[in-house]
Protein chains: 4
Amino acid sequence: MKHQIKEAKGKLGVLMPGLGAVATTFIAGVESIKKGLSKPIGSVAQMGHIRLGKRTENRNPLIKDFVPLASLNDLVFGGWDVYEDNVYTAAVKAEVLDRFMLEAIRPELESIVPMKAAFDKNFVKNLDGTHVKEYKTRYDLAQAVIEDIKNFQKEKGCDRVVMVWCGSTEIYHEAADVHQSLAAFEQGLKDNDARIAPSMIYAYAALTLGVPFANGAPNLTCDIPALVELSKKTKTPIAGKDFKTGQTLMKTILAPGLQARALGMEGWFSTNILGNRDGWVLDDPDNFKTKEVSKLGVLEDILMPDENPELYGDMYHKIRINYYPPRKDNKESWDNIDIFGWMGYKMQIKVNFLCRDSILAAPIVLDLALFIDFAKRAGMSGIQEWLSFYLKSPQTAPGLRPEHDIFKQLIKLQNTLRYLMGEDLITHLGLDYYEGILNEG
Amino acid sequence: MKHQIKEAKGKLGVLMPGLGAVATTFIAGVESIKKGLSKPIGSVAQMGHIRLGKRTENRNPLIKDFVPLASLNDLVFGGWDVYEDNVYTAAVKAEVLDRFMLEAIRPELESIVPMKAAFDKNFVKNLDGTHVKEYKTRYDLAQAVIEDIKNFQKEKGCDRVVMVWCGSTEIYHEAADVHQSLAAFEQGLKDNDARIAPSMIYAYAALTLGVPFANGAPNLTCDIPALVELSKKTKTPIAGKDFKTGQTLMKTILAPGLQARALGMEGWFSTNILGNRDGWVLDDPDNFKTKEVSKLGVLEDILMPDENPELYGDMYHKIRINYYPPRKDNKESWDNIDIFGWMGYKMQIKVNFLCRDSILAAPIVLDLALFIDFAKRAGMSGIQEWLSFYLKSPQTAPGLRPEHDIFKQLIKLQNTLRYLMGEDLITHLGLDYYEGILNEG
Amino acid sequence: MKHQIKEAKGKLGVLMPGLGAVATTFIAGVESIKKGLSKPIGSVAQMGHIRLGKRTENRNPLIKDFVPLASLNDLVFGGWDVYEDNVYTAAVKAEVLDRFMLEAIRPELESIVPMKAAFDKNFVKNLDGTHVKEYKTRYDLAQAVIEDIKNFQKEKGCDRVVMVWCGSTEIYHEAADVHQSLAAFEQGLKDNDARIAPSMIYAYAALTLGVPFANGAPNLTCDIPALVELSKKTKTPIAGKDFKTGQTLMKTILAPGLQARALGMEGWFSTNILGNRDGWVLDDPDNFKTKEVSKLGVLEDILMPDENPELYGDMYHKIRINYYPPRKDNKESWDNIDIFGWMGYKMQIKVNFLCRDSILAAPIVLDLALFIDFAKRAGMSGIQEWLSFYLKSPQTAPGLRPEHDIFKQLIKLQNTLRYLMGEDLITHLGLDYYEGILNEG
Amino acid sequence: MKHQIKEAKGKLGVLMPGLGAVATTFIAGVESIKKGLSKPIGSVAQMGHIRLGKRTENRNPLIKDFVPLASLNDLVFGGWDVYEDNVYTAAVKAEVLDRFMLEAIRPELESIVPMKAAFDKNFVKNLDGTHVKEYKTRYDLAQAVIEDIKNFQKEKGCDRVVMVWCGSTEIYHEAADVHQSLAAFEQGLKDNDARIAPSMIYAYAALTLGVPFANGAPNLTCDIPALVELSKKTKTPIAGKDFKTGQTLMKTILAPGLQARALGMEGWFSTNILGNRDGWVLDDPDNFKTKEVSKLGVLEDILMPDENPELYGDMYHKIRINYYPPRKDNKESWDNIDIFGWMGYKMQIKVNFLCRDSILAAPIVLDLALFIDFAKRAGMSGIQEWLSFYLKSPQTAPGLRPEHDIFKQLIKLQNTLRYLMGEDLITHLGLDYYEGILNEG
Ligand SMILES: NC(=O)c1ccc[n+]([C@@H]2O[C@H](COP(=O)([O-])OP(=O)(O)OC[C@H]3O[C@@H](n4cnc5c(N)ncnc54)[C@H](O)[C@@H]3O)[C@@H](O)[C@H]2O)c1
Ligand SMILES: NC(=O)c1ccc[n+]([C@@H]2O[C@H](COP(=O)([O-])OP(=O)(O)OC[C@H]3O[C@@H](n4cnc5c(N)ncnc54)[C@H](O)[C@@H]3O)[C@@H](O)[C@H]2O)c1
Ligand SMILES: NC(=O)c1ccc[n+]([C@@H]2O[C@H](COP(=O)([O-])OP(=O)(O)OC[C@H]3O[C@@H](n4cnc5c(N)ncnc54)[C@H](O)[C@@H]3O)[C@@H](O)[C@H]2O)c1
Ligand SMILES: NC(=O)c1ccc[n+]([C@@H]2O[C@H](COP(=O)([O-])OP(=O)(O)OC[C@H]3O[C@@H](n4cnc5c(N)ncnc54)[C@H](O)[C@@H]3O)[C@@H](O)[C@H]2O)c1
Ligand code: NA
Ligand code: NA
């Protein structure tokens, strides 16, 4: 039976704290798609198909034709940054897209100028922007962001708004008492508690207004009890954290494959070179720590060494990120994987990924924006685990092991859509294609 | 409800046409496992777990503890080859395993000597063995193999027997009229029809006796209507074809991952270097053709360019296999994958797999033997699509697109086991972990 | 004592049969350098230094400041092709250079239009151009090319002219009787002997006029006794053959290094993917043969297996070139080198070169043109072995083993320049920096 | 004219401080060569040829047949270590060589037991061995080592002795006043100055006795004015420092090749994984610093960015060494080189070297031992720059830029040998092979 889902009519505002490489690439892409200059490659919501029914029915619509999503033509953009460059200028500086393409959509991009940021340099030492809000307490800051959102929605005439964090990675810190309940958090805001990160303030503002929130960086942000509580209170969907791109994307593709075949693993060494601003921020060990924690958990959760000690008990996992200017945004990774098979014989796999970081991240911003808006219209609230397909470090119910295997995440996403749209879930059993395969008796 | 399954008591004979690198590595491994010298790494049947019930139930038994499989201690081995070397000598020549290990199980290996082969040099030009059966018609040859099987079973005191083709790749040929029905086939045997390959004769002999048959090479063998008909008639399970190892294994891991993310693909170039006897046989273009066809289909079936023309319509897929003696059995592959993402930007993935061909294939022989014996005891017959997890070129019901995505194949295998054992199928939906996630009304 | 060298005054015409990817990239580069838009990177003649005297003298001038070469501003270009596209259009189609750069020098490029080619489709089957000269005998054809050269020199007001073959690779053929002497060759021209390749006709025309000739393709062309004889007769320098770029460049860098250390080698596997017109021509086995022969000799001559049988006696060398359209001109190579060291232990080196074929070849055209003009002015004639630094398959005196080691080739080039300019040759002995190092008695 | 060289008669003792992976591999190799079980692969002194005279003379003897070197059968071994394992046990623990090979030479290896080390834990924090000499002042320690050497020579009946440092890398420190003159150094010994490293004490002891000394690690050791002074005083040859193997070997092969062609370089990123004791010591940042300094200088000296600012002015060079246990002694490196060519177009080279550290280092120990003994007999003393071919960080005359280009180093080595043996130096000019190439007039 199909679930009740509100229509996607009117404009959808996408607000992003952080108008850097990822956000500007995302915006430029959607604007060029609107003009017919490119396609939403990498967006599962736009280009992905979903199989319905039996294999022989040949029902395989595009997801966007199956599920009522906002149309790309209805998207409007806004955001905050600690630098005052408009989106055109920021995109030129990011050196992700070629100049020829950028000129073609220059007016659209120039018209988007960042609002002043809610910022605290203690959370990102390598940034020196000055386009920031002044404030007494974090509570005032949150109110200012709430006003920003309301004004944006009014000015742009948006039917609905969603927010996706595209700001820099904040330094590593763990959830403290001030993050444990909404009451403690709100008290903390008033006390200007230094443990409340800027990203949390944006998330608090969004959720207070019932604006769905997704987190593309590895910071805690909405992954704390206080904000989960708020999301349930205001019946708002949330999803986090850290866009799954590049090396980790690869890892969650390859590791399940090796594990599926019961191949053992002695070690996995991952190194990266990148030369963009994100790389510069991550050159600070405190900020790198946040990223590292987000990246390291992946293998353990897929391989489950506790259950497979003979295969994965001694696995040595090392990750290095190197700031290397020649590479700019064209991040490159090299992985060496030491596996072993039958009778303990050793083999090696080396993967060299010449990727483009923001090119991989941009369509994820789009899909998270479209799906989290859809989730809201479908009456869903709180943690949306089915979006973990897009995230390096998926937020789950307390005590629930996150699922990192991208293929299980995909089935979860697709079966969630099938479920909401009243279609049969798919199990890939398929014995019924084979008449009489089971001699019953 | 649990399905009725016969017990796995008594000895299980594993008969292999072709006692070369793969078969001897398989046998040596099982013998060393019996002696406690190694573990069945790479065998999903032995080392793999299967999740049952909800994630929070923490039920994750080993497959071999969940499903009644034959015990490794009950396995006994036999086979045929065109060379008369016993398994110890053949293993030494194959240079897969180290001498120190082989000495430790020498008596067990020396005791296994090949029976004379059913052979026809027209199907494998690069072989010159003389340990072959003489015959008038292929019908006589089939009868001789039937006798071999019966004698083996009696001499070894086997409760049950299975057969796995581990012989060389035969030259490329397509199914002709003589392969279209059991009647035509049996007439062809009597007429000594040159289009009936030696591998088909082994398969015919096995199926006639109700012995389950799996095909590890890319030859047609049991993948013809005549032998499917026979398998149904004698209620015998069959599975084929071509062990999924090395580069193709990688391809069916990576391609689904890229497709899952709606990343486009311009080209995939695959090259291989290998220096074993298999490589030498494949240096003959006719035999390579058989392998190439088996390897090429994989991408198309996963990416479905007809449904995704903008992403995969222009994909250029090229596969090269190079005989290169220095590498011996340590086959190595290099893949270059040209992908594109958001706004058409190009990226590259390069995968260098230093693998060991027979080390990857040996546990597949084991799993196919164990599972096809299990299938027989569970009353299954004909094509076992759920074993396509192990095969490069899975045999399916006529008209049914084979599924190459290894993750869908794994779910199919696991859900088949769950189904037969009366457990719930798994869908990864998981909304029920999130109380009140859906505001109903 | 310095050798007598004529001044480089007035214009130098550079004529190229074949205005394809390499030639147009070369011309576009020089034109953009003239306009100050780029630098002659990769040109040793322009950017390379040469050490003079002792290390402590710190004399290390640019080669172009040491040796009297033609100035880039004095270069003018012309050529022939079987397609009638001007250099701008041909460059756009070649997809080597970006459009933005090409627009900036469009008028200069558009003004260069190819003359009709001396062509014979039997030598390049995959080409279908029709911009070709009609002729009765090859002798007439040669006369027509001679006229072309004279007209070009007059129209452009050139002081001197050189010719560099940048045409497609012709099919493999070996020197026959008709190529053995000038007399036989000229008779062959008159008899329209089908074994005289088009490239030989261009070379004959050039040498007849005393125009220095260099050959960038692996065809025989001037590497036959007849044309060597002619070059001596008209006192004209010649050099060939096959620009040393990409994988072979790498090979002649790496192999001498490994050999220097007395490391053994079991095998070298080289594979290439490329998708330009050159790749398409080489997809024809007859044309590939010419390239393969040129590429294969390299290792043998460097490693000298006959003198080092224990290190290189069993070396297995395999080269593959694969036409792979996604790659266009961005040729990519992957090499796997199997070496062994102390006590026979094995090691592997893998080199992945993401190169750009024409970008590497263009400065070689420049250097050959500049140096062969210089050679002529310095009174040199016949085979210029000191230019083998630039060539995959260097032409040498009969019976003289070619030197492939790029470092020996470089010393040869530099010591030739030092010699002609009256400077001390360099031996790197350098004992004199160490006072009293030798206790003489 | 041939230089006066003493005969190589009688036994040559090779003493090594540090009987770890490299030293035991070296000793095992020579012992297995003595027994005819293997060849001295990787030893230029044993397997390398040297061309004499003109190319057409075909004189190309083995170096060992050209120069009077000690015979391998005359080598005897000894050493010191902070662990008391004999060479057999130490070799087994090092896991470099296979057990089967080690068993075959077990008695020879077991008979070599280390003397107690001159050690100071402040210089190598990650070591905890206790097989060390007790001492009051470093002066006493030096005397004890001098006694060790004398005893060894007497016991083994050696005609001559050489010493090669094969000990762990000591922490980074720079030459201080105490290292500036022999007088200051000897005073420091007596004052037990903490800035005198253990390796210097061994070198001091050796040089005092006229025993030639070579340094295989990147520590200063004999690369200080005090010990150069001593080497001249006692007319003893010295050479240092840091065996050139693996990644740096590759770098000094590749970089000269790219520079030879005037290709620009934007960056070179080098990463390593290794899991042996050397890797464990280098995991301490202070010890890594010593190695890093030794490795970093290489590129700058080859590319000379000051003279080639347009090509190398912005070169970014980064080196990472990662302790990664699965790799053991099979060190592996991955290099990414960002180059640019004609018109600034970018290209990439990736080199993946699966090497074996000690296998590459062992023959260097041999060659240094043989050549430095030869140098002594040839009457040479002080710094032997011609041995820089073997060293990452060659010691040179004060103020003289070290030469890192391995090909120039090789010519220097070979021309030194030619010079000492009275043969013509080779310049590769070779014009004389071409009669009449120069039209004189
Ligand atoms: N593939 C990817 O690019 C990828 C993948 C996973 C996660 N991420 C994360 O996405 C985020 C964005 O990546 P990017 O490449 O665009 O980085 P970027 O540095 O180009 O952009 C981040 C922007 O955020 C701004 N910013 C920082 N703190 C802010 C604040 N408090 N308020 C408003 N603006 C703020 C910065 O000024 C900067 O312009 C990073 O956290 C990165 O780690 C990116
Ligand atoms: N990873 C892998 O090793 C792998 C993967 C997929 C498929 N395969 C296939 O498995 C098969 C075995 O591979 P291998 O490496 O062991 O090859 P192999 O050449 O070492 O062994 C094959 C053996 O089959 C024998 N043979 C050939 N025709 C026969 C006949 N008619 N009757 C009896 N014996 C016969 C040969 O003499 C040979 O000893 C090959 O077809 C190969 O293509 C192997
Ligand atoms: N790095 C390199 O690019 C490289 C290296 C070594 C050698 N080469 C050789 O250089 C040559 C040029 O390479 P390219 O990439 O420019 O190839 P290309 O195919 O782009 O250009 C060759 C041109 O020659 C023309 N041509 C063929 N026969 C001709 C004839 N008889 N007269 C006049 N024109 C003729 C063709 O029409 C074509 O336009 C090829 O032979 C190639 O093998 C190139
Ligand atoms: N390819 C190579 O292996 C390579 C290349 C260049 C340099 N090196 C250098 O060679 C040296 C040896 O390398 P290895 O792989 O054999 O290392 P290793 O750790 O296996 O051996 C070094 C040995 O030196 C001993 N030692 C340390 N200080 C000592 C002292 N003061 N006196 C006596 N013994 C002492 C240690 O106990 C150890 O057994 C290291 O400094 C390494 O950096 C090695
Ligand atoms: Na290939
Ligand atoms: Na690294």
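Analysis parameters
- Sequence positions are assigned chain by chain, starting from 1 and proceeding in written order.
- Think of it this way: whatever chain is written first is A, whatever ligand is written first is 1, and the rest follow in order.
- Per-residue local features of the predicted model are confined to residues with pLDDT of at least 70, and side-chain atom pairs are confined, for both listing and counting, to 80 or more; whole-chain, interface and lining totals are unaffected and use all residues.
- Only hydrogens and water are removed before side-chain values are computed, so all heavy atoms of the structure are retained for them.
- Residues are counted as near a molecule or strand when any one of their heavy atoms sits within 4 Å of it.
- We call two N or O atoms a polar contact when they sit within 3.5 Å, provided that within protein one can donate a hydrogen and the other can accept it, with sequence-adjacent residues counted only if both atoms are side-chain atoms.
- Per-residue and other accessible areas follow the Shrake-Rupley method at a 1.4 Å probe size, with only the shown protein chains counted as cover for residues.
- The helix and strand labels rest on DSSP assignments: H or I over at least four residues marks a helix, E over at least two residues marks a strand, and numbering proceeds from the N terminus.
- In this classification, Asp, Glu, Lys and Arg are treated as charged, Ala, Val, Leu, Ile, Met, Phe, Trp, Tyr, Cys and Pro as nonpolar, and every other residue, Gly included, as polar.
- An automatic or database domain assignment is the source of the domain bounds shown.
- Least-squares fitting of one copy onto the other uses the C-alpha atoms of those residues that reach a pLDDT of at least 70 in both copies.
- In this analysis, two residues are considered to be in contact whenever any of their non-hydrogen atoms come within 4.5 Å of each other.
- Salt bridges are defined as contacts in which a side-chain nitrogen from Lys or Arg sits within 4 Å of a carboxyl oxygen from Asp or Glu.
- Coordination here is defined by N, O and S atoms within 2.8 Å of the metal (3.2 Å for Na, K and Ca), and since water is not considered, a site can look incomplete.
- Think of it in three bands: residues with accessible area under 20% of the maximum for their type are buried, residues over 50% are exposed, and the middle band is partly exposed, with areas taken using a 1.4 Å probe on protein chains only.
- Strands are labelled as partners when DSSP assigns at least two bridges between them.
- A fitted line through C-alpha atoms represents every axis, and for helices the fit uses only the stretch in contact; the resulting angles, taken between N-to-C directions, go from 0 to 180 degrees.
- Buried area is a sum: the accessible area each of two parts loses on coming together, probed at 1.4 Å, counted once for each and added.
- UniProt positions are given in the numbering used here, feature names are shortened, and annotations may be inferred rather than shown by experiment.

Residues and elements named next belong to chain A. Close contacts around ligand 1 come from 30 residues, with Ala21, Val22, Asp81, Gly167 and Arg277 the closest. The side chain of Asp81 places a nitrogen or oxygen atom 2.7 Å from an oxygen atom of ligand 1. The contact in question runs from an oxygen atom of ligand 1 to an N or O atom on the side chain of Lys291, over 3.0 Å. When ligand 1 is considered free in solution it has 830 Å² of accessible area, and contact with the protein chains removes 98% of it. Those elements giving two or more residues to the shell around ligand 1 turn out to be α1 (21–34), β2 (75–81), α9 (198–208), α12 (277–282) and α15 (357–377). Looking at the shell around ligand 1, its residues break down into 16 nonpolar, 7 polar and 7 charged. Both of domain 1 (11–243 + 358–420) and domain 2 (247–354) provide at least three residues apiece to the shell around ligand 1.

A word on the site of ligand 2. Residues and elements named next belong to chain B. Of all residues adjacent to ligand 2, which total 30 residues, the nearest are Ala21, Val22, Asp81, Gly167 and Arg277. Between ligand 2 and Gly167 there is a distance of 2.6 Å, counted from an oxygen atom to a backbone nitrogen or oxygen. In the model, a nitrogen atom of ligand 2 is placed 2.9 Å from a nitrogen or oxygen of the Tyr202 side chain. A total of 830 Å² of accessible area belongs to ligand 2 in isolation, and the protein chains cover 98% of it. Looking at the shell around ligand 2, the elements that each hand over two or more residues are α1 (21–34), β2 (75–81), α9 (198–208), α12 (277–282) and α15 (357–377). Classifying every residue of the shell around ligand 2 by side-chain character gives 16 nonpolar, 7 polar and 7 charged. A domain split of the shell around ligand 2 shows at least three residues from each of domain 1 (11–243 + 358–420) and domain 2 (247–354).

So, about unusual backbone geometry. The bulk of non-glycine residues show a negative phi, and the bulk of peptide bonds are trans. Cis geometry is found at the peptide bond from Gly240(A) to Lys241(A), where omega equals 0°. Summarising the element assignment, Lys241(A) is placed in the loop between β6 (237–240) and α11 (246–260). One non-glycine residue, Asn58(D), adopts positive backbone phi at about 55°. With respect to the secondary-structure elements, Asn58(D) resides in the loop between α2 (44–47) and α3 (63–66). The backbone of Lys235(D) sits at a positive phi, close to 50°, despite the residue not being glycine. Residue placement: Lys235(D) occurs in the loop between α10 (225–233) and β6 (237–240).

In screw terms, the move from chain D to chain C is a rotation of 180° and a rise of 0.0 Å along the axis, fitting with an RMSD of 0.0 Å. The superposition operator between the copies reduces to a two-fold rotation axis. No C-alpha of chain D approaches the rotation axis more nearly than that of Val351(D), which lies at 2.3 Å. Most of the interface of chain D is mirrored in chain C: 100% of its interface residues are interface residues there too.

Here the focus is the interface of chain B and chain C. At the junction of the two partners, chain B supplies 25 residues and chain C supplies 25 residues. On the surface where chain B and chain C come into contact, there are 4 salt bridges. Secondary structure elements with two or more residues in the side of chain B that touches chain C: β7 (264–274), β8 (316–323), β9 (332–340) and β10 (346–354) of chain B.

This brings us to the coordination of the sodium ion (ligand 6). At this site the sodium ion (ligand 6) is bound by Thr271(A) (OG1) and Thr271(D) (OG1), with donor distances of 2.7 Å. Of this pair, Thr271(A) sits in strand β7 (residues 264–274) while Thr271(D) sits in strand β7 (residues 264–274), placing the two residues on different chains. Looking at Thr271(A), the relative accessible area reads 2%, which means it is buried.

A separate point is the relation of the copies chain B and chain C. For the pair chain B and chain C, the superposition axis carries a translation of 0.0 Å, the fit reaches an RMSD of 0.0 Å, and the rotation angle comes to 180°. Most of the interface of chain B is mirrored in chain C, where 100% of its interface residues again form contacts.

One open sheet holds the 8 strands; their spatial order is β8(A)-β7(A)-β9(A)-β10(A)-β10(B)-β9(B)-β7(B)-β8(B), and the pairing between them is mixed. In this open sheet, the two edge strands, each paired with only one partner strand, are β8 (316–323) of chain A together with β8 of chain B. If you compare each strand with its neighbour and ignore which way they point, the axes differ by 10° on average. When β7(A) meets β8(A), the two strands line up parallel, connected through 8 bridges. Within β8(A), the residue paired with Leu274(A) across the bridge is Tyr323(A). In the packing of helix α13 (residues 285–303) of chain A onto the sheet, the strands contacted are β7 and β8 of chain A, and the crossing angle to β8(A) comes to about 150°. Each of β7 and β8 of chain B is contacted by helix α13 (residues 285–303) of chain B, which is oriented at about 150° to β8(B), the strand it contacts most.

Taken together, the contacts link 104 residues of chain D with 104 residues of chain C. Between chain D and chain C the total buried area reaches about 8,800 Å² when both faces are included, carbon and sulfur atoms providing 66% of it. Of all residues in chain D, Arg261(D), Trp342(D) and Met343(D) bury the most surface against chain C, accounting for 12% of the area lost on that side. The interface formed by chain D and chain C includes 4 salt bridges. Those elements giving two or more residues to the side of chain D that touches chain C turn out to be α1 (21–34), α2, α11 (246–260), α14 (309–312), β9 (332–340), β10 (346–354), α15 (357–377) and α16 (406–420) of chain D.

A few words on the sheet that holds strand β7 (residues 264–274) of chain C. Strand order in this open sheet of 8 strands is β8(C)-β7(C)-β9(C)-β10(C)-β10(D)-β9(D)-β7(D)-β8(D), and the pairing throughout is mixed. Edge strands, defined here as strands with exactly one partner in the open sheet, are β8 (316–323) of chain C together with β8 (316–323) of chain D. Each strand axis lies, on average, 10° off the axis of its neighbour in the sheet, ignoring direction. As defined by bridge partners, β7(C) adjoins strand β9 (residues 332–340) of chain C across 9 bridges and the pair is classed as antiparallel.

Attention now goes to the pairing of strand β2 (residues 75–81) of chain D. Residues and elements named next belong to chain D. Of all 7 residues making up β2, 7 are buried, and the element is well covered by its neighbours. In β2, alternate side chains face the same way, and those of Leu75, Phe77, Gly79 and Asp81 on one face and Val76, Gly78 and Trp80 on the other are all buried. Taken together, the 6 bridges between strand β1 (residues 11–17) and β2 define a ladder with parallel strand orientation. Bridge pairing in β2 places Leu12 opposite Leu75. Note that β2 and strand β3 (residues 115–116) share 2 bridges and pair parallel. Each bridged residue has a counterpart across the sheet, and for Trp80 the counterpart in β3 is Met115.

A separate point is the UniProt feature "transmembrane region" (unreviewed entry) in chain A. Per the UniProt annotation, the sites labelled "transmembrane region" (unreviewed entry) are residues 12–30 of chain A. The span residues 12–30 of chain A is 53% helix and 32% strand, and its two end C-alpha atoms sit 13 Å from each other.

Tallying each qualifying case throughout the model produces 124 salt bridges over all chains. The salt bridge involving Arg160(B) is made with Asp159(B); its shortest N-O contact spans 2.6 Å. Residue classification places Arg160(B) among the buried residues on the basis of a relative accessible area of 12%. Overall, Asp159(B) belongs to the partly exposed group, its relative accessible area being 37%. Here Arg99(C) makes a salt bridge to Glu103(C), at a shortest N to O gap of 3.3 Å. Note that Arg99(C) and Glu103(C) are positioned in helix α5 (residues 99–104) at a spacing of 4 residues, about one turn of the helix.

What follows deals with the UniProt feature "domain: Myo-inositol-1-phosphate synthase GAPDH-like" (unreviewed entry) in chain A. The UniProt record annotates "domain: Myo-inositol-1-phosphate synthase GAPDH-like" (unreviewed entry) at residues 246–358 of chain A. Across residues 246–358 of chain A, the secondary structure splits into 41% helix and 33% strand, with the terminal C-alpha atoms separated by 10 Å.

With that out of the way, let us pick up the domain arrangement of chain A. Residue and element names in this part refer to chain A. Split into domains, chain A comes out as domain 1 (11–243 + 358–420) and domain 2 (247–354). When each unit is reduced to the centre of its C-alpha atoms, the spacing between domain 1 and domain 2 is 26 Å. Contact with domain 1, which involves 28 residues of that partner, is made by 30 residues of domain 2. Taken together, both faces of the contact between domain 1 and domain 2 bury some 2,400 Å²; the carbon and sulfur share is 56%. On the domain 1 side of the interface with domain 2, the three residues burying the most area are Asn126, Tyr172 and Arg401, jointly 26% of the side's total. A salt bridge links Glu95 to Lys328; the shortest N-O distance between them is 3.3 Å. The interface formed by domain 1 and domain 2 contains 13 residue pairs in polar contact (both at pLDDT 80 or more). For the side of domain 1 that touches domain 2, the secondary-structure elements that each account for two or more residues are α15 and α16 (406–420). Tallied by class, the residues present in the side of domain 1 that touches domain 2 amount to 14 nonpolar, 7 polar and 7 charged.

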